[in-house]
Amino acid sequence: MYYPRIKFLIDQKADAISALGFLARRKNDHDFLNSFFPDHIQFILQDFNKKEVGKIIRAYTKTIFRKRGTRIKERVNEIVKQWSKKGKTFFRLTGRIFKGFPWPKGKYVAYASVFYMFPRNVNRKYFFFPYEKKWGFDPIKTISHEMLHFIFFAYLKERYGLKKSSKIPGKPTNYLWQISEALNSVIQDWKPYHKEMVEINHPPYKGTEKLVRKMKKIWEKTEDVDEVLKAVLK
């Protein structure tokens, strides 16, 4: 069976662009953004225009990558070695969760980040991860979390004909994203997965708590991803 090989990269420009994109998408949600930017740069969430914010983020990213360059390289090398072992367990578990569903082929890329946000692009198959095991984040848990999203949306498209951008009548526009995050929370708390893949866990995303409770109840009873999805998609 095909399993993706992740290419791990250190790319200062990509990290800055990611941070700016994340900021632009959430520009009106300062409480949310506060938890993703280091304390000493949160001042940009105040009254700065787009051009000023871009200049500050790019300068900050360049400075951190320069000052911590050696440490970042060391940590990424360590993470690559860790994933080469943990990845085997991850793919075994996801095969069980998604009933042997094949992973979508393509070039999977993981970028080390100096921020606290780890966005992904499902279509282009890249995501960001923390290079340090601190700030309340664990690199391996983050990598496996993001990879779960990739196979989830591939499974959703193949089995249910739904794309990431699909809308469900009567539900929020981001309902499928909510389901994806809720399912990740359920799986990360599932004993076989938690034991092997999750050293540091976090509460469910704000707004998904009710979904998590509902999905977790069904998963604990059936351990059948289709039973879980049917319950929240109907």
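Here's a quick rundown of the structure. The residue count restarts for each chain, going from 1 along the sequence in the order it is written. Per-residue local features of the predicted model are confined to residues with pLDDT of at least 70, and side-chain atom pairs are confined, for both listing and counting, to 80 or more; whole-chain, interface and lining totals are unaffected and use all residues. Think of the side-chain values as coming from all heavy atoms in the structure, minus any hydrogens and water.

## Some points on the overall build of the protein
The criterion, for reference: Helix and strand labels come from DSSP, where a helix needs a run of H or I of at least four residues and a strand needs a run of E of at least two; each type is numbered from the N terminus. Here the term buried applies to any residue with accessible area under 20% of the maximum for its type, exposed to any over 50%, and partly exposed to those in between, with areas from a 1.4 Å probe on protein chains only. The criterion used for residue contact is that any of the two residues' heavy atoms lie within 4.5 Å. Methods summary: accessible areas were calculated by the Shrake-Rupley approach with a probe of 1.4 Å, and residue burial reflects only the protein chains presented.
Secondary structure summary: the protein contains nine helices and four strands in total. The order of α-helices and β-strands along the protein, N terminus first, is β-α-α-α-α-β-β-β-α-α-α-α-α. The proportion of buried residues among the 234 residues of the protein is 49%. Taking contacts inside the protein between residues at least 6 apart in sequence as the whole, the part at least 24 apart equals 67%. With the model as given, the accessible surface of the protein reaches about 13000 Å², and the carbon-plus-sulfur share is 50%.

## A look at the nonpolar core
As a reminder, the rule being used: Definition of nonpolar core: a set of buried residues of the types Ala, Val, Leu, Ile, Met, Phe, Trp, Tyr and Cys, connected through side-chain atoms within 4.5 Å.
By size, the foremost hydrophobic cluster in this structure holds 65 residues, and its most contacted members are Phe98, Ile143, Met147, Ile179 and Tyr193. At eleven residues, the largest contribution of residues to this core is made by helix α5 (residues 139–160). Apart from the residues lying within four places of it in its own chain, the contact partners of Ile143 are Ile6, Phe8, Ile79, Trp83, Phe127 and Phe129. Core analysis: the second largest hydrophobic core is formed by seven residues, Ala14, Tyr111, Tyr116 and Phe128 among them.

## Remarks on the pairing of strand β1 (residues 6–9)
The condition that has to hold: At least two DSSP bridges between two strands are required for those strands to pair.
Side chains Ile6 and Phe8 project from β1 onto a buried face, and the interleaved Lys7 and Leu9 project onto a face without burial. Pairing analysis gives four bridges linking β1 to strand β2 (residues 108–113), with the strands arranged parallel. Bridge assignment links Lys7 to a residue of β2, and that residue is Val109.

## Some remarks on helix α4 (residues 69–97)
Filter applied, for reference: One fitted axis covers the seven residues ending at a residue, a second covers the seven starting there, and the bend at that residue is the angle between these axes.
Along α4, the sharpest change in direction is near 35 degrees and occurs at Lys86. Positive phi appears at Lys99, one or two residues downstream of α4, with a value of about 60 degrees.

## Some thoughts on the sheet that holds β1
What counts here: Axis angles are defined between N-to-C directions and span 0 to 180 degrees, where every axis is a line fitted to C-alpha atoms and, for a helix, only to the segment in contact.
Read across the open sheet, the four strands follow the order β1-β2-β4-β3; overall the sheet is mixed. Unpaired on one side and paired on the other, β1 and β3 (120–121) mark the two borders of the sheet. Summarising the sheet, β2 and strand β4 (residues 126–130) pair through five bridges and their orientation is parallel. Counted as the bridge partner of Ala112 is Phe129 from β4. On the sheet, α5 packs against β1, β2, β3 and β4 and is oriented at approximately 160 degrees with respect to β4.

## Some words on the packing of aromatic side chains
Each aromatic ring pair is summarised here by two numbers: the centre-to-centre distance and the angle between the ring planes. Rules: What counts as a ring pair is set by centres within 6.5 Å for rings of Phe, Tyr and Trp (its six-membered ring), and what kind of pair is set by the plane angle: stacked under 30 degrees, edge-to-face over 60, tilted for all other angles. Here, over-ring charges are defined by two tests on the NZ atom of lysine or the CZ atom of arginine: distance to the ring centre within 6 Å, and angle to the ring normal within 35 degrees.
As enumerated under the stated definition, the model contains 22 aromatic pairs in all. The cationic tip of Lys105 hangs over the ring face of Tyr2; the distance from NZ or CZ to the ring centre is 5.7 Å.

## Quick look at the packing of helix α6 (residues 175–189) against helix α9 (residues 225–233)
Stated formally: Put simply, a crossing is left-handed when the front helix is turned counterclockwise from the back one by less than a right angle, and right-handed when it is turned clockwise. Here the term charged refers only to Asp, Glu, Lys and Arg, the term nonpolar to Ala, Val, Leu, Ile, Met, Phe, Trp, Tyr, Cys and Pro, and the term polar to all other amino acids, Gly among them.
Where α6 contacts α9, the two axes come as close as 12 Å, and the packing angle between them is 145 degrees. In this structure, the crossing between α6 and α9 has a hand that is right-handed. Contact residues: Tyr175, Leu176, Ile179 and Leu183 in α6; Val225, Val228, Leu229, Val232 and Leu233 in α9. By residue class, the composition of the contact of α6 with α9 is nine nonpolar, no polar and no charged.

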